[in-house]
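# Breakdown of the fold
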Amino acid sequence: MKSFELHGYRPRPVCDMHVHPHVEAPLDESEAVFRSVMEYFRDERIVLEALPCYDTINNFKALYFKSRIGGVYADLGLIHHYDERDTADYYLDQVKAFYAMGCDGIKMLDGKPDCRKQLGRPLNDPVFDPFYAFCEEKGLPIVLHYGDPRDFWDPERIPQWALKRGWLYDSSFVSFEEGQNEVLGILEKFPRLKLILAHFFFVSDDYDTACRIMETWQNVCFDLTPGTEMYVNFNADAQKWRDFFVRYADRILYGTDTYNWRQLDKPIEAGYSHAVNLVRSFLERTEPFTDKWTGREFTHPFGLDDATLDKIYTGNFVRMFGEKPRALNGERICAEGEKFPKKYPLDDRQAETLRQIIAHFK
């Protein structure tokens, strides 16, 4: 039995644009996870959003899984030295290599407050201009994680689970508003950039800003990957937000933040369905429901019509990323992989995994 049959979701095809391959696990085990997830949740397509900030060789893993599994796309992430080597030419050379290897887009976690603090420069700094210009020219989507929920800047309101992860942001971090302005500054310079703002840009508590962004920047999209605070906020003013979803249905994409975590000993439903069930239940149901993941009751789910759901689940994905993934260039992947250890330190596990990936593409 598939997820949609178990939970009574409408049998629509689904494309999940927010999946991560960065958890340390053998290649064959991770491949099995992605295959099982796609089959169980009836995902026609997924995008693997690489996070080289957590796993240096993550870009190569994303390309490997793309070559192994039909319907998989790969968004690759910039690697930083955090010193004088991080020049405009350095970032431009990286994105040119990504494009030549066959990436489908770019993932930027650089706007998450701890990553932004380590980066030490604004996201709209001129050093990134050639990088953004290349993405704009080639039509490469950028999936950008900017910020976190506003409560993470408030010691009285931050959830305990976030506090335990070290996500309380004091004055040494960029403020919520300052970071938001950096992102809008990118768009002022590159208005044709295909920018997907992850986690609804953390503005589910700010309807006016969400509308202003949609009206001002015609190529900007929001993704629905939870942050559970998003759905609490949507539920609190459901009619207004439901109207927003219908009005801007061609600018909203479905995502889940699924990872290749090691839970193959558990059923897929038990190990991987929590975000899927929250998002799909809220979008599709018309009656109140209690979310098992958060324990929260949602009294005003949207109950969106099929035409709107089809845009969010599939149509916008195809428009942003293409009907099919871009072709991979195995020769270029091997060339980049072989010189990679000379530029970046790898531990023994990473070095061996990279050797396996290079051997696969030869």
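Everything numeric here is computed off the predicted structure, so don't read it as measured data. (Residues numbered from 1 in each chain as written. Predicted model: local features only at pLDDT ≥ 70, side-chain atom pairs only at ≥ 80, totals over all residues. Heavy atoms only, no water.)

### Details of the sheet that holds strand β4 (residues 105–111)
- An order of β8-β7-β6-β5-β4-β3-β2-β1-β9 is seen for the 9 strands of this open sheet, with the pairing classed as parallel. In this open sheet, the two edge strands, each paired with only one partner strand, are β8 (252–253) and β9 (258–259).
- Where β4 and strand β5 (residues 142–146) come together, 4 bridges link them in parallel fashion. Bridged to Gly111 within β5 is Tyr146.
- Strand contacts of helix α6 (residues 129–138): β4 and β5, with the helix running at about 145° to β4, the strand carrying the most contacts. (Pairing = 2+ DSSP bridges. Helix = DSSP H or I, 4+ residues; strand = E, 2+ residues; numbered from the N terminus. Contact = heavy atoms within 4.5 Å. Axes fitted to C-alpha atoms, helices over the stretch in contact; angles between N-to-C directions.)

### Observations concerning helix α2 (residues 27–40)
- Compared with the 20 Å implied by 1.5 Å per residue over 14 residues, the 20 Å span of α2 between its first and last C-alpha is a close match.
- Inspection of α2 places Leu27, Glu29, Ser30, Glu31, Val33, Phe34, Val37, Met38 and Tyr40 among the buried residues, and these make up the whole buried set.
- Downstream of α2 by a residue or two, Arg42 has a phi angle that is positive, lying close to 60°. (Expected span 1.5 Å × (residues − 1). Buried < 20%, exposed > 50% of the residue type's maximum accessible area, 1.4 Å probe, protein only.)

### Some words on the environment of Asn124
- Of note, Asn124 is situated in the loop between α5 (113–119) and α6.
- For the pair Asn124 and Leu187, spaced 63 residues apart in sequence, the C-alpha to C-alpha distance is 8.8 Å.
- Contact partners of Asn124, with chain neighbours within four places excluded, come to Asp129, Glu182, Gly185, Ile186 and Lys189.

### A look at the pairing of β4
- The element β4 is largely enclosed, with a buried count of 7 among its 7 residues.
- As judged from the 2 bridges shared by strand β3 (residues 72–76) and β4, these two strands associate in the parallel manner. From the neighbouring strand, Leu76 faces β4, where its bridge partner is Ile106.

### Structural notes on the packing of helix α9 (residues 207–216) against helix α11 (residues 238–247)
- The geometry of α9 relative to α11 is characterised by a closest axis approach of 12 Å and an angle of 10° between their N-to-C directions. The pairing of α9 with α11 is recorded here as roughly parallel in orientation. In this structure, α9 contributes Tyr207, Ala210, Cys211 and Met214 to the contact, and α11 contributes Lys240, Trp241, Phe244 and Arg247.
- Taken together, the residues that form the contact of α9 with α11 break down as 6 nonpolar, no polar and 2 charged. (Parallel < 35°, antiparallel > 145°, perpendicular 65-115°, else oblique. Nonpolar A, V, L, I, M, F, W, Y, C, P; charged D, E, K, R; others polar.)

### Some points on the packing of aromatic side chains
- The full count for this structure, using the stated rule, is 47 aromatic pairs.
- It is Arg42 that lies over the ring of Phe4; its NZ or CZ is 4.8 Å from the centre.
- The side chain of Lys240 reaches across the aromatic face of Tyr207, ending 4.9 Å from its centre. (Phe/Tyr/Trp six-rings, centres within 6.5 Å; stacked < 30°, edge-to-face > 60°. Lys NZ or Arg CZ within 6 Å of the ring centre and 35° of its normal.)

### Considering the pattern of salt bridges
- Tallied over the entire structure, the rule returns 26 salt bridges.
- The partner of Glu182 in a salt bridge is Arg116, and the shortest N-O contact between them spans 2.9 Å. On the criterion of sequence distance, the pair formed by Glu182 in helix α8 (residues 176–189) and Arg116 in helix α5 is long-range, its members being 66 residues apart. Arg116 matches Glu182 in its accessibility class, with the two residues each being buried.
- One salt bridge connects Arg349 with Asp347, and the closest N-O pair in it is separated by 3.9 Å.
- The exposure class assigned to Asp347 is partly exposed, which follows from its relative accessible area of 38%. (Salt bridge = Lys/Arg side-chain N within 4 Å of Asp/Glu carboxyl O.)

### Let's talk about the environment of Lys2
- For Lys2, the position within the fold is in the segment before α1 (3–7).
- For the pair formed by Lys2 and Trp167, sequence separation is 165 residues and the distance between their alpha carbons is 36 Å.
- Not counting chain neighbours up to four residues away, the residues in contact with Lys2 comprise Glu39 and Tyr40.

### Section: the nonpolar core
- In this structure, Phe200, Phe222, Phe244 and Phe245 are the most contacted members of the largest nonpolar core, which totals 107 residues.
- In terms of nonpolar packing, the next biggest core, distinct from the first, is built from 12 residues, Val47, Ala198, Phe317 and Phe321 among them. (Core = buried A, V, L, I, M, F, W, Y, C linked by side-chain atoms within 4.5 Å.)

### Considerations on the packing of helix α3 (residues 58–68) against helix α16 (residues 348–361)
- Two elements in contact, α3 and α16, have axes whose closest approach is 10 Å; the angle formed by their N-to-C orientations is 35°. The hand of the α3/α16 crossing is left-handed. Along the contact surface, α3 presents Phe60, Lys61, Leu63, Tyr64, Ser67 and Arg68, while α16 presents Arg349, Thr353, Leu354, Ile357, His360 and Phe361.
- The residue makeup of the contact of α3 with α16, split by class, is 6 nonpolar, 3 polar and 3 charged. (Left-handed = near helix turned anticlockwise from the far one by under 90°.)

### Brief notes about the side chain of Arg251
- Note on placement: Arg251 falls in the loop between α11 and β8.
- Put simply, Arg251 is tucked away with no salt bridge, and the nearest opposite charge, on Asp250, sits 5.3 Å away.
- In terms of polar contacts, Arg251 uses its side chain to reach the backbone carbonyl oxygen of Met214, at 3.1 Å.
- When neighbours within four sequence positions are excluded, Arg251 is seen to be in contact with Ile213, Met214, Trp217, Gln218, Asn219, Val220, Cys221, Phe222, Asn316 and Arg319. (Lys, Arg positive; Asp, Glu negative; His and termini not counted. Polar contact = N/O pair within 3.5 Å; in protein donor to acceptor, adjacent residues only side chain to side chain.)

### Quick word on the side chain of Gln180
- Tracing the backbone through its elements, the reader meets Gln180 in helix α8.
- Residue classification places Gln180 among the buried positions, given a relative accessible area of 9%.
- Not counting residues within four places of it along the chain, the set of residues in contact with Gln180 comprises Tyr146, Phe201, Val203 and Thr209.

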